[in-house]
Structures are given as structure tokens and as C-alpha cells.
Amino acid sequence: MLLNVENLKAEVAEDGKQILKGLNLQVNPGEVHAIMGPNGAGKSTFSSVLAGREDYEVTEGSVDFDGEDLLEMDAEERARKGLFLAFQYPVEIPGVSNKLFMQTALNAIREEKGLPALDMFDFDEYVQEKMELMGMRKDMLERSVNVGFSGGEKKRNDIFQMALLEPKLCIMDETDSGLDIDALKVVANGVNSLRDPNRSFIVVTHYQRLLDYIKPDFVHVLYDGKIVKSGGFELVHELEDQGYDSIIQSHEAQL
Ligand code: ADP
Ligand code: MG
Ligand code: MG
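The notes below deal with the structure included here. Keep in mind that this is a model prediction, so the values were computed, not measured.

Looking at the environment of Met131
Looking at the element boundaries, Met131 is found in helix α4 (residues 120-134). Met131 sits 35 residues away from Glu166 along the chain, and the two C-alpha atoms are 14 Å apart. With residues near it in sequence (within four places) discarded, Met131 still touches Met136, Arg137, Lys138, Leu141 and Phe160.

Some details on the site of ligand 1
Near ligand 1, the surroundings consist of Val12, Lys17, Ile19, Pro38, Asn39, Gly40, Ala41, Gly42, Lys43, Ser44, Thr45 and Tyr56. Here an oxygen atom of ligand 1 and a side-chain polar atom of Asn39 are 2.9 Å apart. Look at ligand 1: alone it shows 550 Å² of surface, and the protein chains cover 68% of it. Tallying contributions element by element places helix α1 (residues 43-51) first for the shell around ligand 1, with three residues.

Digging into the side chain of Lys130
Along the chain, Lys130 turns up in helix α4. According to the relative accessible area criterion, Lys130 is buried, its value standing at 11%. A polar contact is formed between the side chain of Lys130 and the side chain of Glu166, at a distance of 3.1 Å. Apart from residues lying up to four places away in sequence, Lys130 is in contact with Phe160, Ala163, Leu164 and Glu166.

Calculation criteria
Residues numbered from 1 in each chain as written. Chains lettered and ligands numbered in written order. Predicted model: local features only at pLDDT ≥ 70, side-chain atom pairs only at ≥ 80, totals over all residues. Heavy atoms only, no water. Helix = DSSP H or I, 4+ residues; strand = E, 2+ residues; numbered from the N terminus. Contact = heavy atoms within 4.5 Å. Near = heavy atom within 4 Å. Polar contact = N/O pair within 3.5 Å; in protein donor to acceptor, adjacent residues only side chain to side chain. Areas by Shrake-Rupley, 256 points an atom, 1.4 Å probe, with all protein chains shown as cover. Buried < 20%, exposed > 50% of the residue type's maximum accessible area, 1.4 Å probe, protein only.

Following this line, the structure appears as C-alpha cells:
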């Protein structure tokens, strides 16, 4: 198993408000999991906790990632170990070129794997190959990280970073962003082309259309800080037809 989340409870560090209330999730290598759920359910909080953002405090439960205790690692260490977070609003870093940013990130991961760092020439060659694969425009590499990128360009850049860093687990939180159809396709094509028996995805979204393109292996409904229903791809259309109400009602009836 690549990721094993057991009874995860977490609260907002600032005010102690509990958001995750005993979340369980298992992800095997090569699997694509979608997490859906109503607004405010805790989806972005879950992504943030996995990424190691410090706004949240884990109070109970465990997260095992590739045989190690994820919760013991800081955010950089998680990234070096093969966890990739694509966020809804990626940070802008004025003055730092996308290229230098990616070279630094890639070399940190290579060091973790015991591989030698790529110098500029080797990195150029490596990048060239990935850019062609992902249909990236060359000038996006020279620009400051995410500065002035359109929504679609940010998505393309996210996917490009994934292709470059070859993570074991990609977590994508697409929840509240207004993705147009082109950006949806960039994300979906990116995920599909990077699917691999050694790579897993957790795609957080309320875009049923995105999932139509991606066809996840498993679909989970997150509600009130827990996963309350899991199924296969068919669950996407069940949710589309019936909404979350019946799932929420049967969950509450069980309490
Ligand atoms: P979702 O992504 O499913 O819409 P979120 O994880 O963003 O849900 O939020 C879940 C709940 O936690 C919401 O009620 C939200 O207001 C609250 N919350 C999340 N982050 C914070 C924070 N940093 N400070 C205060 N409340 C927060
Ligand atoms: Mg939300
Ligand atoms: Mg969210």
C-alpha cells in the first residue's frame, strides 16, 4: 500500500476547530482516487494536512506513506519523498524563474533517491523532453513561477511539474476554482498521460466532467470530516443524479 490514512483527526491550529473527524483512506500504487463532497466538508483541509501545511494540527490517527510516518515529516521532506501537491492557487514567486525553481526541486528529489544532481545542461535536456511530451510553451520556463499565468497556464504548469518530478503520489485539489473546459482537459490529459503502475493520484474535485475524462478507479464522498461513502466510477453519476442529500441522510441515520 502506498498511502494508509487511519482515523485521521485534525483541527485548525489557530482556533482548535475540528475539521477532520476520523478519516480513513487506502491508496495502492497505480490507483486514481477521486474525493468529492459538499462545500465545507473538509476536502481542502485533508489535502493540506497531507501536504504538511502548518495551519492544521493533527490530533489523532496516522498516515503511512510508502512505509514511513508521513506526519513526522515536514512539507519539504514529504515532497522529496515523492508526494506532489497541485494546489488550486499555486504560489507566485516573483524573481525566480520557473526553470530554476524546477531544477532545484528536481535535484532535491534526486538527492533523496541517491542520484547525482543535474547541472544546467543536463537539466535543459531533461526539461526539453518533458516539455514536448506535455505541450509546454518554452517561454513559460523563463517566466517567474506562476506570475501572470492564466488559469489554464497554471494548470499546464502544475501538470508539467508533475511530469518533471515523477512523484509517487499526486494530490490535486480542484475544488473551488473556475476551470474552463480547456483547463479541465489540460488537467485530465495530464493525469491520464502520467498514469503509471508506480504512481497514484488523489483528485479532489466537484467537477463531474473532469472525472468523466479521468475515470478514477475509486470515488469517495467526504462529508463532515469523514469519508462516508466509497465506490467505483459509477458513484460519480449517482451523485450527479441524486446529489449528496441521500448519502448524507443515510450517513446521519447510522450515527
Ligand atoms: P472543502 O474543501 O470541502 O470545501 P475545507 O477543507 O476548505 O472544505 O473547509 C472545511 C471547514 O473548515 C469549513 O467550515 C472551513 O470554514 C473550515 N476551515 C478550513 N480551514 C480553516 C482555517 N484555516 N481557519 C478556519 N476555518 C477553516
Ligand atoms: Mg470549499
Ligand atoms: Mg476546498
